[in-house]
Amino acid sequence: MPPPAVIAPSILSADFGALGAACSETIENGADWLHIDIMDGHFVPNMTFGAPVVSKLRPHVQRPKTALGKGTFDCHMMIAEPKKWVTEFANAGCDLYTFHHEAAISSTAASDPVSTSSEQTNPKELIRFIHAKGMLAGIAIKPDTEVEVLYEVLDSAVKEEVPDMVLIMTVHPGFGGQSFLEGMMPKVKTLRDRYPELYIEVDGGLGEKTIGRAAKAGANVIVAGSAVFGAPEPGRVIGALRRAVEVG
Ligand SMILES: O=C(CO)[C@H](O)[C@H](O)COP(=O)(O)O
């Protein structure tokens, strides 16, 4: 069965001075999930917020009743040390912890003078750790990373090592409001053909003008920041994005 359409507005484009209200209103406006961008100023050239903010947002949105259901806090960890923060984000109320493949395989942490972590990990171990902490696990790739690197985890025979979602970045991560990279669509199509039931998220430059291309390629989870929060009627945009994914 193909996975359902999921609309996940990115609160990166919300009013940071009133984030709690922005989260509850966005869910009331028809969003399925909230996409929460965590940036550390190392992995990407920008900073946002950490687990204490996520824990303060949690009471504004009811937790999902089922895995990947309405109210999911979809935390996109654009951070150099994804293992280090798993426990804190689980305790803060994150439901889906999506780390970058590039961060999990890199040795940046060991050579980074400001790093306090001596531990780095590999994607399979990290997915197992995230699952053990009671969260779902996502794995993301930047535009310059080939989609084939994901096959090892997606094809794992060990259930705990298989991610619950893949995120294909359709902009270079770090900032909202960038242009959609259409060249990422073959990655989405490749994954959809190979994994018909996989949750495939796309993030960056998605709006009413670009959604058709992402939907046709097979994406079912749509992150949209500026298109939703910059709109006079966010609920209408959320509805339009959903219909486009359902039509495919
Ligand atoms: O991860 C991100 C940036 O790194 C954002 O989620 C993404 O860019 C959404 O913003 P927009 O829809 O405005 O492009």
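Just so we're clear, the structure is a prediction, and the values are computed from it rather than from any experiment.

### Details of the UniProt feature "binding site: substrate" (unreviewed entry) in the protein chain
In step 1: UniProt records the feature "binding site: substrate" (unreviewed entry) at S10, H76, G174, F175, G176, G177, G205, G225 and S226, using the numbering of this structure.
In step 2: The topology assignment puts S10 in the loop between β1 (6-9) and α1 (19-28).
In step 3: Contact partners of S10, with chain neighbours within four places excluded, come to H35, D37, V223, A224, G225 and F229.
In step 4: Its place among the elements puts H76 in strand β3 (residues 72-78).

### Regarding the pairing of strand β6 (residues 165-169)
In step 1: Burial analysis of β6 places five of its five residues in the buried class, the great majority of the element.
In step 2: Alternating positions in β6 separate into two faces, M165, L167 and M169 on one and V166 and I168 on the other, with burial throughout.
In step 3: Pairing of strand β5 (residues 136-141) with β6, which is carried by four bridges, proceeds in the parallel orientation. Bridge pairing in β6 places I139 opposite V166.

Each value, and the rule that gives it
- Residues numbered from 1 in each chain as written.
- Predicted model: local features only at pLDDT ≥ 70, side-chain atom pairs only at ≥ 80, totals over all residues.
- Heavy atoms only, no water.
- UniProt positions renumbered as here; feature names shortened; annotations may be inferred.
- Helix = DSSP H or I, 4+ residues; strand = E, 2+ residues; numbered from the N terminus.
- Contact = heavy atoms within 4.5 Å.
- Buried < 20%, exposed > 50% of the residue type's maximum accessible area, 1.4 Å probe, protein only.
- Pairing = 2+ DSSP bridges.

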